[in-house]
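Below, each chain spelled out in residue letters.
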Amino acid sequence: MSDYTVYLDNAATTKPAQAVIDAVAISLRDGFYNPSAIYKPAVAAAKEIENCRMLIMDSLQAEQVVFTSGGTEANNLGILGRLSNSRQGGRVLYSLLEHPSVKSACQVVPEGFEAIGIPIDPSGRVDLHALDDLLTPDIRMVCVMQVNNETGALQPLDEVAQAIKEKAPGVWLHVDGVQGYLRHPIRLKDAGIDSYAFSGHKIHGPKGVGALALGRKNSLKPCLFGGGQESGLRSGTENTPGIAGLMAAVRDFPREHVMRRLKIHLYERLKTAIPALIVNGPDPQSAYACDHIINLSFPPVRAETMLHALEAKGVYVSHGSACSSRKSRHSDTLKAMGVSQAALEGAIRFSLSPLTTADEIEVAVRATLESFEALKAFTRR
Amino acid sequence: MTELLLVKYAEIHLKGLNRPYFQKLLLKRIKETVRPFALNVEFFDSRIFIRGVQDIEAVIERVRKVFGVHAVCAAVEMNKADFGAICTAAAGMMTGLAGTFKVRARRADKRYFIDSPEINTRIGAVILEKNPALVVDVHQPEHVINVEIRDQALLYTREVPGVGGLPSGSSGKAMLMLSGGIDSPVAGYMIAKRGVVLNAVHFFSFPYTGELAREKVLSLARALSEYCGVIKTYIVSFTKLQEAIHVHCPPEYSTLVMRRLMVRITDFLAEREKATALITGESIGQVASQTMEALAVTDRMASRPVFRPLIGFDKIEIIRLAEKIGTYETSSLPYEDCCTVFTPRHPVTRPKLSKVLEAEAAIPELDAMVAVAVETAELLYIGPDKEEDALSGETA
């Protein structure tokens, strides 16, 4: 095993920034008071929460922000909280590449609703023609993520919003922004987005905190009930240290970075040396490819073997088609894109952070090429 | 009146002059297994007594899994001189029950003032008087209260069956080839049940298999250790050999050559450990390498018996056993125990020994590679409590 590690699994989680760790520690130590209390330090703790809320509202041009325990809860609240506030039933559209926290929420929609998947094209983007056909008057909600977590495909949100505006005005657009938040800045009102979920630990913040940003105020019902915190939308004593850490993460997230250049460099170096390389998702150079994620297959080497080989060289990446459960070994997203079996079995996701350096990419390239050379001879016979 | 656990042992009763040897081993194993609870365990009068128990359920669950234990009873211990108090306590233990019952007295102290039938009658009468919802049925009672008159009087109604078998260490030592699949832990359990100390051997092919697969094997060894105590576990790095087989041997023979090398390495480790047998989870015809012909070819690599306790079992029977002993769930985790890269599409089912030898001869420096695999095997001590792994980490 190598002493030097290169962490390229930033789509899974990110390393908390030092400022985040400090902010969490200070909040735990000095600002532990319950923000609902009325003495001075508690009022200060409540004020901290509002400061973070303002910062996030500003970063997204949102009307309202509800703090949650993370991306999963934010997606659940955006979808189920909205639908339970809806007077009439109908259909909910969700793209087939959504994260399980969206898909699963769509599978438990309240009575009177029905959820339908929107097909995706081979580059891993929502099929806009299919969406057009599906946008009938009984549609109540559309869920499309900003950046796909497996392939890095940027979704055509402008076109989706436009289609809604033309064919089904007023329909709620929920966007899972977990991979996109701050990396691909977005303004909710301009983009026609009604709810937008994100998570702290994907932006160098702490785990256990996230938020749902809303483009329209007072338009949800809660999913958790209790003391009425967060304007009644999310009961439970506020996660003050998490929110303090989230604030530091949002404030300090590097707005200038070279992720895209490094990602393309990684791709080009590998492609030159390994002609058989397959990209799962959009062309890494295209405008539809996000800056920080690239999903590659190295046939005939299987993903698991490659992951372990890279791990031994200190490079941490992840399955590009993770077996999330025993039932389906490979990701529904890649399958829905029509990716070949060989590519499915070999899919590896490299995901960068704004802090990733050119040296680290160089180490990763060399480790990948060495591993590929060593492993390519060993294929099933 | 004190609460305690009473442990009854099984087959040891059938032993003759060497019975004390078995009793001592069983006592040692029970002491080991309850060590984290810091209890007083002692042998007396053909029974093992565990005193000072706080968490009764947790201790019962541990002790009932020790090979050699027939049953564990949660009992109360009283002064035998006060027979009135014994009757009252017995009636108290039967409170709230309804249906049929019997009293089963056992008078080990033959000087006691009344004999067993008399004890039954007197205690039974008090119980009936206090609890009219009960009636006596001495043949098929729904409830039984046991009263043993020994040094003290012992009363118990609850008897949790143990796993039986012979205490670990009473029958020597064997090397279990532990793959991470469903079968091998069950095979290990069955042989360990007969008092055999297990050493496990796992073949690890990094990077074709990873940390999770290794952890899986260790948790299987841990599950087995609940029955038989700490298991010395060898992790053999098999990657170089596996790659060499892939390069030099005909694909249809590769699995068989691999199995033979695994047996060969295990046999070397058995020599070092002074183990007298190998254990595998094979059953006839389950996969290509487990046909009778294939087994004959792999057997030749071992210089000691290869025990295959599952040889006549169907898969479904093995799964049921795995569920019973608590290894099935771990065995079914999805991490591949042997990467499919090295699984040929068409393995030979009726191998010819000459062809196998030819295939092996084609691998350059095979003996040296086998020697390195044996020498660099990592040794871990896996027990039911993780703290017991402290000795682990040395190279063999």
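Residues numbered from 1 in each chain as written. Chains lettered and ligands numbered in written order. Predicted model: local features only at pLDDT ≥ 70, side-chain atom pairs only at ≥ 80, totals over all residues.

Next up on the list: the confidence of the model for chain B. Summary statistics for chain B give a mean pLDDT of 92 and a share of 96% for residues scoring 70 or more. This prediction of the complex comes with two scores: 0.83 for pTM and 0.74 for ipTM. (pLDDT = per-residue confidence, 0-100.)

What follows concerns the pairing of strand 4 (residues 69-78) of chain B. Along any regular strand the residues' side chains alternate between the sheet's two faces. Residue and element names in this part refer to chain B. Where strand 1 (residues 2-9) meets strand 4, eight bridges bridge the pair, whose relative direction is antiparallel. Bridge pairing links Y9 to V69 in strand 4. Of the pairings in the sheet, the one linking strand 4 to strand 8 (residues 153-164) comprises nine bridges and is antiparallel in character. Within strand 8, the position partnered with V72 by the bridge is V160. (Pairing = 2+ DSSP bridges. Helix = DSSP H or I, 4+ residues; strand = E, 2+ residues; numbered from the N terminus.)

Bringing the sheet that holds strand 13 (residues 306-307) of chain B into the picture now. Within a beta sheet, neighbouring strands are joined by backbone hydrogen bonds and run either parallel or antiparallel to one another. Residues and elements named next belong to chain B. The sheet built from six strands is open, its strands ordered 13-12-9-10-11-14 with mixed pairing. Both edges of this open sheet fall to strand 13 and strand 14 (378-382), since each of them pairs with a single strand only. As defined by bridge partners, strand 10 (residues 197-204) adjoins strand 11 (residues 231-237) across six bridges and the pair is classed as parallel. Counted as the bridge partner of N199 is K232 from strand 11. Relative to the sheet, helix 6 (residues 211-228) contacts strand 10, strand 11 and strand 14, its axis offset from that of strand 11 by approximately 160 degrees. (Contact = placed C-beta atoms within 7 Å. Axes fitted to C-alpha atoms, helices over the stretch in contact; angles between N-to-C directions.)

This part takes up the domain arrangement of chain B. Residue and element names in this part refer to chain B. If you check the domain split of chain B, you get domain 1 (2-164) and domain 2 (173-391). Taking the mean C-alpha position of each, domain 1 and domain 2 sit 42 Å from one another. Counting residues at the interface gives seven residues for domain 1, matched by eight residues for domain 2. Residue composition of the side of domain 1 that touches domain 2, by class: four nonpolar, no polar and three charged. (Domains from an automatic or database assignment. Nonpolar A, V, L, I, M, F, W, Y, C, P; charged D, E, K, R; others polar.)

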